[in-house]
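Observations on chain architecture
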Amino acid sequence: MDIKGISRDKQQVIEEIIKIKNEKRAVILAHYYTLPEIQDICDYLGDSLGLSQQAASTDSPLIVFCGVNFMAETASIISPDKKVIVPDNTAGCSLAESITGSDLLEWKRENPTGVVVSYVNTTADVKAYTDICCTSANALRVIESIPAGKKILFVPDKNLGEYIRYKSGREMEIWPGSCCVHQRFTSRLVLDLAAKYPKADILIHPESSCSADPQIHNMSRAWFYSTSGMINHVQNSKSDQFVIVTEKEIIHRMKQICPSKEYISVDVPCRQMKKSTLEKLLSALRSETPGIKVEAGLREMAYPSIERMLRL
Ligand code: 13P
Ligand code: SF4
């Protein structure tokens, strides 16, 4: 593989990664927020839902997950017979860290009739007490699958929760967690960008803090999407200019798919996603560590919430 503009040293690292990956029949999964060089060498690049689906369907014995830990943990829950490794096992997520299994258990005790819907950005402990998971790509579908009149407890993202409540009109109790990146995408910021770029389509991730603001929803050129939804929109839109309200690295893929279009991003990186570097990926592939393994008892408790989501 030859990646344009990459140094000779990096090129050697890439060649070594590909060689070992092929020898071990490994599959490299990566999220759109990872570094461009990781996006360019992975076997599958996707959003949280697509990555879970790939983890479920791959026949590779070794999954290398370039993303953050809850994603690799989800892959381990879905495919317990596969070895799951990561380039850096300190890659956390502020959202996933905003609730623990015991917090959720306590909340459930206070609301015994509530159906727990957890965003996939949660730890295995939280998934163990969850009825059904969702991602930003299927959250509305998941909520609509719950019988009307049932009380919903949504964890952990207050912005995605409020977005779903706004769109679905459902009664929901929402946990007050948030993503440190998307919390910075306020209504003020989005309105200013919309004024500065009057012809651009405005694509917003529902984790953003402006997600339930009617002012934003009333803008005819604003759309809310998961990361893969944004990519599809760019591909299918007649517009030539896009304001991208999510983590900026997704633009790397957009530029590859539609190079003649213009992308305006906000420079708020998810530093955890950048912990997957080529060098650490190579080292992980060589040593098959660090591994992410959810122990069997916890896996049995957490799996049904993911399986129900994947079945939808
Ligand atoms: P999606 O890629 O599922 O839209 O989620 C974004 C995200 O923040 C992942 O951590
Ligand atoms: Fe977590 Fe936010 Fe980073 Fe996504 S962007 S991994 S939600 S901290």
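Overview of the structure. (Residues numbered from 1 in each chain as written. Chains lettered and ligands numbered in written order. Predicted model: local features only at pLDDT ≥ 70, side-chain atom pairs only at ≥ 80, totals over all residues. Heavy atoms only, no water.)

Glancing now at the overall build of the chain. Across its full length, the chain holds 14 helices and twelve strands. The C-alpha atoms of the chain give 19 Å as radius of gyration, which agrees with the globular expectation for 312 residues (20 Å, within 12%). Based on the C-alpha atoms only, the size of the chain along its principal axes is roughly 55 × 55 × 30 Å. Looking at the chain residue by residue over its 312 residues, the buried ones come to 57%. Intrachain contacts of the chain at a sequence separation of at least 6 include 62% that bridge at least 24 residues. On the chain, roughly 13,600 Å² of surface is accessible, and the fraction owed to carbon and sulfur atoms is 47%. The average position of the 38 basic charges and that of the 38 acidic charges among the side chains of the chain differ by 3 Å. (Helix = DSSP H or I, 4+ residues; strand = E, 2+ residues; numbered from the N terminus. Rg over C-alpha atoms; globule rule 2.2 N^0.38 Å. Buried < 20%, exposed > 50% of the residue type's maximum accessible area, 1.4 Å probe, protein only. Contact = heavy atoms within 4.5 Å. Areas by Shrake-Rupley, 256 points an atom, 1.4 Å probe, with all protein chains shown as cover. Lys, Arg positive; Asp, Glu negative; His and termini not counted. Charge placed at Lys NZ, Arg CZ, Asp CG, Glu CD.)

Below, the discussion takes up helix 5 (residues 101-110). Of the positions making up helix 5, those classed as buried are Gly101, Leu104 and Trp107. Buried residues of helix 5 fall within an arc of 125° about the axis and therefore sit on the same side. Exposed residues on helix 5 whose side chains face more than 90 degrees from its buried face are Ser102, Arg109 and Glu110. Residues of helix 5 that are buried in the fold lie against strand 5 (115-119), helix 6 (124-127), strand 7 (152-155) and strand 8 (172-174). (Arc of directions from axis to C-beta.)

Looking now at helix 4 (residues 69-78). For helix 4, a buried count of eight out of ten residues is recorded, marking the element as mostly surrounded by other parts of the structure. Listed as buried for helix 4 are Phe70, Met71, Ala72, Thr74, Ala75, Ser76, Ile77 and Ile78. Of the surrounding elements, those touching the buried residues of helix 4 are strand 1 (26-31), helix 3 (48-57), strand 3 (62-66), strand 4 (83-85), helix 6 and helix 14 (296-311).

Taken together, 13 residues are adjacent to ligand 1, and His31, Ser48, Ser136, His205 and Thr227 come closest. Within the side chain of Asn121, a nitrogen or oxygen atom sits 3.2 Å from an oxygen atom of ligand 1. Between ligand 1 and Glu207, the relevant distance is 3.0 Å, taken from an oxygen atom to a side-chain nitrogen or oxygen of the residue. Out of a free accessible area of 300 Å², ligand 1 has 97% covered by protein chains. Partitioning the shell around ligand 1 into residue classes produces four nonpolar, seven polar and two charged. (Near = heavy atom within 4 Å. Polar contact = N/O pair within 3.5 Å; in protein donor to acceptor, adjacent residues only side chain to side chain. Nonpolar A, V, L, I, M, F, W, Y, C, P; charged D, E, K, R; others polar.)

The next point concerns the site of ligand 2. All residues adjacent to ligand 2 are Tyr33, Val68, Cys93, Ser94, Leu95, Asn121, Cys179, His182, Glu207, Cys270 and Met273. Residues that form the shell around ligand 2 fall into these classes: seven nonpolar, three polar and one charged.

A word on unusual backbone geometry. The omega torsion of the bond from Val155 to Pro156 falls at -10°, within 30 degrees of zero and hence cis. In this fold, Pro156 is placed in the loop between strand 7 and helix 8 (158-168). Put simply, Thr289 and Pro290 share a cis peptide bond, and its omega is -5°. Here Pro290 is to be found in the loop between helix 13 (278-287) and helix 14. A positive phi angle, close to 50°, is found at Arg25, a residue other than glycine. If you trace the backbone, Arg25 turns up in the loop between helix 1 (8-24) and strand 1.

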